[in-house]
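Close look at the chain arrangement
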Amino acid sequence: MAPSTVYQVDEEKNMQTRRYAGCSDEQLMAYIQRGHEQAFEVLYDRYWHELYRFAWNVLRSEADAKDAVQEVFVSFWMRRDQIEITTTLAAYLHKAVHYKVLNSASRLLEGSRTHLPLSYEMANAFAMQIDPIALKELEDTLSRQMAKLPPAMENVLRMSVEEQLSTAEIARHLGLSEQTIKNQLTAARKRMRILCRDMVFPVLFFMFF
């Protein structure tokens with residue numbers, strides 16, 4: 001291929017990438033489901049870092065965290081035409097990594113009894129024993145209970161739980177002080193414990209709160 005032709009191909013690819021970069025998550029998903037690889041690359045670049053950071057915070061291993069996120073994205077691409085997203089794309093990806101991390105934590109705990117926090121060991125033991133359908137029902141119950149919170153409090157809690165945003169990130173996004181966010185999260189978690197006090201599996205809080 002002549003140099004001028006190579007340059008033209010690269011320039012067209014860069015133009016397409018820039019076009020995808022300006023798309024919303026919903027638009028990217030539509031392109032991805034039609035098989036647009038560059039749209040998938042933009043999505044990957046958009047969320048890889050924060051998903052990796054979440055996985056690393058739990059696993060404390062660069063290699064294991066990278067593997068967990070990579071597996072989620074590979075599965076996402078392979079199943080792109082089957083995926084149905086009922087929340088946001090960010091929440092979907094975070095939940096997928098959440099489950100992948102639990103599975104990775106299970107292997108680590110069985111293999112070497114690492115220094116993972118006790119809460120994750122308990123949550124993992126719980127997740128390994130409960131039927132996936134029952135677990136989904138429990139998650140739905142938590143979501144319904146969260147909807148009973150005051151709107152501002154619910155929004156902050158969902159950003160923390162479903163999107164795995166830090167207090168500082170939530171504060172920047174909402175234009176509020178970090179202390180205000182901390183106060184809202186503390187109040188929200190207290191209310192959730194009251195709302196869910198009759199749940200059969202309160203250990204689920206270790207997985208989400």
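Let us look at the structure shown here. (Residues numbered from 1 in each chain as written. Predicted model: local features only at pLDDT ≥ 70, side-chain atom pairs only at ≥ 80, totals over all residues. Heavy atoms only, no water.)

So, about the nonpolar core. Of all hydrophobic cores here, the largest spans 29 residues; its most connected members are Leu43, Phe76 and Leu93. Put simply, the parts of the chain that give this core at least two residues each are α2 (25–33), α3 (37–59), α4 (62–78) and α5 (89–112). With 15 residues, the next largest nonpolar core counts Met153, Ile170, Ala188 and Met192 among its residues. (Core = buried A, V, L, I, M, F, W, Y, C linked by side-chain atoms within 4.5 Å. Buried < 20%, exposed > 50% of the residue type's maximum accessible area, 1.4 Å probe, protein only. Helix = DSSP H or I, 4+ residues; strand = E, 2+ residues; numbered from the N terminus.)

Let us now look at the environment of Val42. Looking at the element boundaries, Val42 is found in helix α3. Judged by relative accessible area, which is 10%, Val42 ranks as buried. As a C-alpha pair, Val42 and Ala21 span 21 residues in sequence and 6.0 Å in three-dimensional space. Each residue touching Val42, except ones within four places of it in the same chain, is listed here: Thr17, Tyr20, Ala21 and Leu28. (Contact = heavy atoms within 4.5 Å.)

Turning to the packing of helix α8 (residues 151–161) against helix α10 (residues 178–195), a few remarks are in order. The angle between the axes and the distance between the axes are what describe a pair of packed helices. Interaxial distance between α8 and α10 falls to 9 Å at its minimum, and their mutual angle equals 95°. Comparing their axes, α10 and α8 come out roughly perpendicular. Across from Ala152, Met153, Val156, Leu157 and Ser160 in α8, the residues of α10 making contact are Ile181, Gln184, Leu185, Ala187, Ala188, Arg189, Arg191 and Met192. Of the residues contributing to the contact of α8 with α10, the split by class is 9 nonpolar, 2 polar and 2 charged. (Axes fitted to C-alpha atoms, helices over the stretch in contact; angles between N-to-C directions. Parallel < 35°, antiparallel > 145°, perpendicular 65-115°, else oblique. Nonpolar A, V, L, I, M, F, W, Y, C, P; charged D, E, K, R; others polar.)

Moving on, we come to the pattern of salt bridges. On inspection of all chains with the given rule, the structure shows 5 salt bridges. Residues Lys100 and Glu71 are paired through a salt bridge, measuring 3.2 Å at the closest nitrogen-oxygen approach. One end of the pair, Lys100, is in helix α5; the other, Glu71, is in helix α4, with 29 residues separating them in the sequence. What makes Lys100 partly exposed here is its relative accessible area of 23%. Glu71 gets classed as partly exposed once you look at its relative accessible area, which sits at 37%. (Salt bridge = Lys/Arg side-chain N within 4 Å of Asp/Glu carboxyl O.)

Attention now moves to α2. If you check which residues of α2 are buried, you get Asp25, Leu28, Met29, Tyr31 and Ile32. Buried residues of α2, seen end-on, are gathered within an arc of 165° and therefore sit on one face of the element. One or two steps after α2, the chain reaches Gly35, where phi turns positive at roughly 90°. (Arc of directions from axis to C-beta.)

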